[in-house]
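Architecture at a glance
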Amino acid sequence: MKSDEDNIVGYEPDGTPITNEEFIADINLALQQLKDGTLETLTTEEVREKIFGKSNNTCMEEEVLKAAEQYALENDTTVSKIVTII
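The rules we used
- Residues numbered from 1 in each chain as written.
- Predicted model: local features only at pLDDT ≥ 70, side-chain atom pairs only at ≥ 80, totals over all residues.
- Heavy atoms only, no water.
- Helix = DSSP H or I, 4+ residues; strand = E, 2+ residues; numbered from the N terminus.
- Buried < 20%, exposed > 50% of the residue type's maximum accessible area, 1.4 Å probe, protein only.
- Contact = heavy atoms within 4.5 Å.
- Areas by Shrake-Rupley, 256 points an atom, 1.4 Å probe, with all protein chains shown as cover.
- Expected span 1.5 Å × (residues − 1).
- pLDDT = per-residue confidence, 0-100.

Some thoughts on the overall build of the protein chain
A tally of regular secondary structure across the protein chain gives 4 helices and 2 strands. The secondary structure elements of the protein chain, listed N-terminal to C-terminal, are β-β-α-α-α-α. The buried share of the protein chain, reckoned over its 86 residues, is 9%. The long-range fraction of contacts in the protein chain, counting pairs at least 24 apart against all pairs at least 6 apart in sequence, stands at 0%. Entry remark: accessible area of the protein chain is about 7500 Å², with carbon and sulfur atoms responsible for 55%.

Written out as structure tokens, the structure reads:
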């Protein structure tokens, strides 16, 4: 018989282990909330804002563009090709 330690499928951000049973229970809860119309979802933009903050999105995009421009100069390519890859 496997112990709970053998059934760890992941970890919470604080390092707390997530067991297979907990993971399945969370999925079932989310499916039930989706069915009930109570599941809280986020758009891609909302996730970015939660991670980086609203004001940081533009700043981050500018930094990525600057890095792409520098890479393009150093590697004889165009920014549009690089941005398409990103």
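Comments concerning helix H1 (residues 20–36)
An ideal rise of 1.5 Å per residue puts 24 Å on 17 residues; H1 measures up with 24 Å between its terminal C-alpha atoms. Once H1 ends, the next one or two residues include glycine 37, with phi positive near 80°.

Brief notes about the confidence of the model for the protein chain
Chain-level statistics for the protein chain give a pLDDT mean of 77 and a share of 71% at 70 or above. Taken element by element, the predicted model of the protein chain shows its lowest mean pLDDT in helix H4 (residues 79–85) (53) and its highest in strand E2 (residues 17–19) (93).

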